[in-house]
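# Commentary on secondary and tertiary structure
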Amino acid sequence: MSASLKQLLFNHDATDKRGSALNLRIDYDEAIVGPEWSRTSVRLPIELPIAYAARHIDPGALGIFANFSWNGLPPQRLEIQAVPAQPRLSDADPRTALLRSLADSWAPINPTLSRYYASLAELAADAPPILGRIPPTPVTIGADGESGAVFLKLNGGRLRASAVGIHEIAWRWQYRTATSPRWQDFDTSFHRIFTTLDLPATPWLQEPAEVWNSALPWSGALELACSWASGARLKRDVAAMICAGVHAMGYGQIEYGCPVGAREMYTNTPMGIFDLTAFLERARGGLGNGPYVNCTDCACAVSTFANLLGADLWQGRMGQYVPAFMLRDSQTIGHSSWGSPCNLGLGFMFHEVGWSGDCEQDDAIYDASVVVDSNLSPFAHLPVPLLPAGIPFGSIWQTFYRRMLAAPESLLICHPLPEERRRRALI
Amino acid sequence: MSDTDFTATSRAQMDAVGQAVGEEAFAPAPEEEISVRNFGFTADMLPGWIFARAREIDTGRGVRLIQVNAQATGSESMARIEILETEDAGQGRALFMETLARFQRDPADLLRIPPRFAEAEAVPGQGTFVFLRGNLVVTVASIGAVILQAEDLAEALDQSICKKPQDASDSKPVTSGRGADRTMVKSFTRRTARGDARQEAFAISPDGSVARVSDSDEPGQKGSE
């Protein structure tokens, strides 16, 4: 006589995500159908990705549906629980690895700081599992030996307070009956869980939760976005960390496309689409659409990944097309030299960035494609590089992004184009 | 404005492109016009090049987007080819202009006037080339470790598009049933001095087999009265 776990359904409510995992798909081509964990008798359990929008969770409503079967005569009273077990991958959240590497780096220079990072790494590694344990729950087994779908309540307090991250968890499943009151292990399940801050914003959608809806969040995109923004607890931090992540691809994976005339290579503006499939392939070390990008590609990447985690950015433009606005010296993505883009001295017809709010001058800029010189002093000419990730666009009088990017004679031409803000669909 | 209201190129940008691109950017109408429907890459289209990762997207604007990566045999040269297939030559011309807006530079600096081989050409750099041929807007961009002379590949592709099949069979092409949706149809229209139009059309299957098409055979076309 024994119980066995048949399936677990984390995303059990397609429309209300206060107690349920998000509607996901694998990528543009592949949908996720059915429970996130299931077992048939002939093959290994199927494990699919799971994601929760942390701040949207109602701790009192959080739960999963489980199906069990019982081998033998159905017991009169059966209780089932799941306790946290050792996950297969302990370093899924890159914070731990980062903190450990910081501890190692500082050890010969500053042992105190090294110990501090080491203790943070230990805390991160020993953090309680994101979904905790499943408390003892009565389960009724039918005459056919099946339980049907059983709702198992979870304590969502820790999930609701969590930061962006990737969590590997494991549950050891146990049962007890009236005749055998000691808890007995009967199964172990492993799960990979992404936590975002809030529900995804467009171009991502949560409805309709249909196989054909390619705008449901892609687990491949979550993998990258959650690793870039791991640990972020505020939307502006999410946006800034994503911006830094995209910009960091400039160290070997992508570069401003001078040989291709600074053409958009991952975006197709006339068609209103962003080729996220190719961008993800590039980020994973594949060919994608090649190494070249322009500002539009970077703006799409920043806003798409940030919005996946619950931020609310737009692909916003500045300039007026004719004439082009001239630039102060800057560094384009993938290039270390200071100067005008591609050293052509032509300026920008327009420039596109990740932009918050209404894409007006008081709203924050997240520009992964250009590092600006934040030294606006007329007397010192040493550039002070700044990746614009969360600073306001600013008026022509304020020492913000506009004055760091545009040449003084072009400040009036380099103005926001809020009517052109957009979020391109994903392919 | 909803999130999806504004997806294509803005009016302001198109006005700027319109100011920069005059009639002189386009070659005079060719003696024989070509129109391609259901464009698809076939193995023998560009000898010496291997195609991979072909992807077709229906963008919902009456435009088909066909993307493919091409690699030169025995070389690290790689290119990304994008074909925008429009409904007719007029829409192709408009989309060629819109394609110029995909560069961060002044469209006037990108154009080659007059065009050398195609109906309109943009040369933003050695690694990329855009041209118009009939209802097709074609972009070739270098994406490999070695920067490719995009113009050479673009010209070879244009010649392939314009090539009229010589060994077409008289058997009926596959225009219905399985495989019909992947059959490319090339139509050549020559106008006589009297103003009459003489049309020839060929159906080219993905495997490269060719058949001559009469109007009534064309997929999705009603027969002429």
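Every value quoted in this text rests on a predicted model; they were computed, and no experiment measured them.

### Some thoughts on the overall build of chain A
When you go through chain A residue by residue, the secondary structure sums to eight helices and 23 strands. Projected onto its principal axes, the C-alpha positions of chain A cover 85 × 55 × 35 Å. Counting every position in chain A, which comprises 427 residues, the buried fraction comes to 49%. Relative to all contacts within chain A whose residues are 6 or more apart in sequence, the contacts with residues 24 or more apart total 75%.

### Side note on the sheet that holds strand β2 (residues 37-38) of chain A
Taking strand neighbours across the sheet as the criterion, the five strands line up as β3-β2-β1-β5-β8 (chain A) in an open arrangement whose pairing is antiparallel. What marks the edges here is a single partner per strand, and that holds for β3 (46-47) and β8 (146-153) of chain A.

### Notes on the interface of chain B and chain A
The partner chain A presents 34 residues to the 36 residues of chain B that form the contact. Broken down by secondary-structure element, the contributors of at least two residues to the side of chain B that touches chain A are α1 (11-20), β3 (64-72), α2 (89-100), β5 (120-125) and β7 (136-142) of chain B. Among the elements that make up the side of chain B that touches chain A, the one with the highest residue count is α1 of chain B (four residues).

### Section: the domain arrangement of chain B
Residue and element names in this part refer to chain B. Here the domain parsing of chain B yields domain 1 (15-32 + 39-162) and domain 2 (165-225). Facing the seven residues of domain 1 at the interface are eight residues of domain 2. Residue classes in the side of domain 1 that touches domain 2 are distributed as two nonpolar, two polar and three charged.

### Digging into the pairing of strand β9 (residues 197-204) of chain B
Residue and element names in this part refer to chain B. Bridge count for strand β8 (residues 184-191) against β9 is eight bridges, and the pairing is antiparallel. Of the residues in β9, the one forming a bridge with Met184 is Ile204. Of the strand pairs in this sheet, β9 and strand β10 (residues 210-213) are connected by four bridges, and their pairing is antiparallel. Looking at β10, one finds that Phe202 is bridged to Arg212. As consecutive antiparallel partners, β9 and β10 are separated by five residues, and within that stretch Gly208 has a phi angle of approximately 95°, a positive value.

### Side note on the confidence of the model for chain B
Residue and element names in this part refer to chain B. When the pLDDT values of chain B are averaged, the result is 82; 85% of them are 70 or greater. Low pLDDT, under 50, characterises residues 171-179; the predicted model gives this stretch 19 contacts beyond four residues in sequence or across chains. Overall fold confidence for the complex sits at a pTM of 0.89, while the interface term, ipTM, reaches 0.82.

### Thoughts on unusual backbone geometry
Residues and elements named next belong to chain A. In this structure, the amide linkage connecting Thr202 to the following residue, Pro203, adopts the cis form with an omega of 15°. Tracing the backbone through its elements, the reader meets Pro203 in the loop between β10 (184-196) and α4 (219-228). A cis geometry characterises the amide bond from Val322 onward to Pro323, with omega recorded as -5°. Along the chain, Pro323 turns up in the loop between β15 (314-318) and β16 (331-332). Here the phi dihedral of Cys359 falls at roughly 60°; this positive angle occurs in a residue that is not glycine. Note that Cys359 resides in the loop between β17 (351-355) and β18 (364-366).

### Some words on the pairing of strand β4 (residues 78-85) of chain B
Residue and element names in this part refer to chain B. In terms of burial, β4 is largely enclosed, as eight of its eight residues are buried. Every second residue of β4 is oriented toward a common face, with Met78, Arg80, Glu82 and Leu84 on one face and Ala79, Ile81, Ile83 and Glu85 on the other, all of them buried. In the sheet, β3 pairs with β4 via eight bridges, with the strands oriented antiparallel. Its bridge partner lying in β4, Arg64 is registered against Glu85. The hairpin formed by β3 and β4 contains five residues between the paired strands, and Gly74 there has a positive phi angle of roughly 70°.

### Looking at the nonpolar core
Ranked by internal contacts, the top residues of the largest apolar core, which has 160 residues, are Ala225, Val238, Ile242 and Val302 of chain A. Top element by residues in this core is helix α7 (residues 295-308) of chain A. It accounts for nine residues. The contacts of Val302 of chain A, once residues within four sequence positions are left out, are Ile242, Cys243, Val246, Leu313, Gly354, Tyr366 and Ala368 of chain A. Residues Val185, Ala201, Ala203 and Ala211 of chain B belong to the second largest nonpolar core, which totals six residues.

### A closer look at the environment of Ile130 of chain A
Residue and element names in this part refer to chain A. The residue Ile130 is located in the loop between α2 (111-125) and β7 (134-139) in this model. Exposure remark for Ile130: the 22 C-beta atoms within 10 Å place this residue in the buried category. The residues touching Ile130, leaving out its near neighbours within four places in the chain, are Arg158, Leu159, Ser162, His167, Ile169, Ile193 and Thr195.

About the thresholds
Residues numbered from 1 in each chain as written. Chains lettered and ligands numbered in written order. Predicted model: local features only at pLDDT ≥ 70, side-chain atom pairs only at ≥ 80, totals over all residues. Helix = DSSP H or I, 4+ residues; strand = E, 2+ residues; numbered from the N terminus. Buried ≥ 20, exposed ≤ 12 C-beta atoms within 10 Å, placed from the backbone. Contact = placed C-beta atoms within 7 Å. Pairing = 2+ DSSP bridges. Domains from an automatic or database assignment. Nonpolar A, V, L, I, M, F, W, Y, C, P; charged D, E, K, R; others polar. pLDDT = per-residue confidence, 0-100. Core = buried A, V, L, I, M, F, W, Y, C linked by C-beta atoms within 7 Å.

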